[in-house]
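# Commentary on secondary and tertiary structure
Now for the letters of each chain:
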Amino acid sequence: VVLVIICAVIFLGGVQRLASVCEKLVPVMAALFLVGGVVILIARAKYLPETFGMIFSYAFKPQAIIGGAFGMAIKEAVSQGAKRGLFSNEAGMGSTPHAHAQANVACPHDQGVVAMIGVFIDTFVVLTITALVVISTLYTNGSTAWQGVAKTNAMQVAFETALPALGKFGSIFVAICLLFFAFSTILSWNFFGKINVQYLFKNK
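Just so we're clear, the structure is a prediction, and the values are computed from it rather than from any experiment.

To continue, consider the overall build of the protein. Check the secondary structure of the protein and you find nine helices and zero strands. Helices and strands appear in the protein in the N-to-C order α-α-α-α-α-α-α-α-α. In the protein, which comprises 204 residues, the proportion classed as buried is 26%. Considering only contacts within the protein whose residues lie at least 6 apart along the sequence, 70% involve residues at least 24 apart. Of the roughly 13300 Å² that the protein leaves accessible, carbon and sulfur atoms contribute 71%.

Right, let's talk about a nonpolar patch on the surface for a bit. A contiguous nonpolar patch, built from L32, I172, I176 and F180 and spanning about 310 Å² of accessible area, is present on the exposed surface. Sorting elements by how many residues they give to the nonpolar patch places helix 9 (residues 169-201) first, with three residues. Secondary-structure assignment places I176 in helix 9. When its relative accessible area of 39% is taken as the criterion, I176 is described as partly exposed.

As a further point, take the side chain of T51. Here T51 lies in helix 3 (residues 48-60). On the accessibility criterion, T51 (0% relative accessible area) is buried. Within the structure, T51 has its side chain in polar contact with the backbone oxygen of Y47 (distance 2.9 Å). When sequence neighbours within four positions are dropped, the list of residues in contact with T51 reads L132, I135, S136 and T140.

This structure, assessed with the given rule, holds one salt bridge. One salt bridge in this structure joins K168 and E160, with 3.9 Å as the shortest N-O distance.

Soluble globular proteins tend to pack their nonpolar side chains together in the buried interior. Formed by 21 residues in total, the largest nonpolar core has its most connected members in I40, L41, V133, V134, L138, M155 and F159. Setting aside chain neighbours within four positions, we find V134 in contact with Y139, A154, M155 and A158.

Applying the stated criterion to the full structure yields six aromatic pairs. Taking the centre distance of 5.8 Å and the plane angle of 75° together, the rings of F33 and F181 count as edge-to-face. In this pair, F33 sits in helix 2 (residues 14-43) while F181 sits in helix 9, placing the two residues 148 residues apart along the sequence. Of the residues examined, F33 reaches a relative accessible area of 7% and is grouped as buried. Ring plane angle 35° and centroid distance 6.2 Å describe the contact between F169 and F173, whose orientation is recorded as tilted. Here the residue F169 and the residue F173 both occupy positions in helix 9, the gap between them amounting to four residues, near one helical turn.

Between helix 8 (residues 154-162) and helix 9, the least distance of the axes is 7 Å, while the angle of their chain directions is 140°. Comparing their axes, helix 9 and helix 8 come out oblique. Viewed along their axes, helix 8 and helix 9 form a crossing whose handedness is right-handed. For the pair formed by helix 8 and helix 9, the contact residues are M155, Q156, F159 and E160 on the first element and G170, S171, F173, V174 and A175 on the second.

Next up on the list: helix 2. Between the first and last C-alpha of helix 2 there are 44 Å, a value that for 30 residues agrees with the 44 Å anticipated at 1.5 Å per step. For helix 2, the full list of buried residues reads G14, L18, C22, L25, M29, F33, L34, G36, G37, I40 and L41. Turning to helix 2, the residues buried within the fold contact helix 1 (2-12), helix 3, helix 7 (108-138), helix 8 and helix 9.

Conventions adopted
Residues numbered from 1 in each chain as written. Predicted model: local features only at pLDDT ≥ 70, side-chain atom pairs only at ≥ 80, totals over all residues. Heavy atoms only, no water. Helix = DSSP H or I, 4+ residues; strand = E, 2+ residues; numbered from the N terminus. Buried < 20%, exposed > 50% of the residue type's maximum accessible area, 1.4 Å probe, protein only. Contact = heavy atoms within 4.5 Å. Areas by Shrake-Rupley, 256 points an atom, 1.4 Å probe, with all protein chains shown as cover. Patch = residues over 30% accessible without salt bridge, like charges linked within 9 Å, V, L, I, M, F, W, Y side chains within 5 Å. Salt bridge = Lys/Arg side-chain N within 4 Å of Asp/Glu carboxyl O. Polar contact = N/O pair within 3.5 Å; in protein donor to acceptor, adjacent residues only side chain to side chain. Core = buried A, V, L, I, M, F, W, Y, C linked by side-chain atoms within 4.5 Å. Phe/Tyr/Trp six-rings, centres within 6.5 Å; stacked < 30°, edge-to-face > 60°. Axes fitted to C-alpha atoms, helices over the stretch in contact; angles between N-to-C directions. Parallel < 35°, antiparallel > 145°, perpendicular 65-115°, else oblique. Left-handed = near helix turned anticlockwise from the far one by under 90°. Expected span 1.5 Å × (residues − 1).

Have a look at this one:
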């Protein structure tokens, strides 16, 4: 109910209010998550060589973990990779251009560069740190912390495992970050939907 009320206040304020909220919210939430991830990586620094070793080992020797179902596993890997890539940065979906087209810039090229940097930060920086945190915490040094962990809460378990002295703070931190990510997504897709409805139905 609180989320609906907050969203309504923002939506009823028009595009300017929505843009104002997003331009303040997105950098803060991204920085918060990245700082948290870097803290974990510093705490698990001695396991980073092993982490990178595992990444490259399984990337170039997938048979070691998938056995005889090689073809099926490759198909699944490509499928999951495409899904997660689209879910992460929406590159190729045709959604984010709606937002970039609204920007008031002297040269369209400048906004294109911003769009590319967004994909880079989201996919290369944020997701790389996420992967390093999960692998260095749950899978290195013969750890069994990954057992019984669903992929949906692996990040929360990783934060708790890496910072046991803080108790449940790790999972709460990840939940808060996820709240902000989801909230900004709700705002963005409302904006995209509004633009598409206006285009389809004009002034009706």
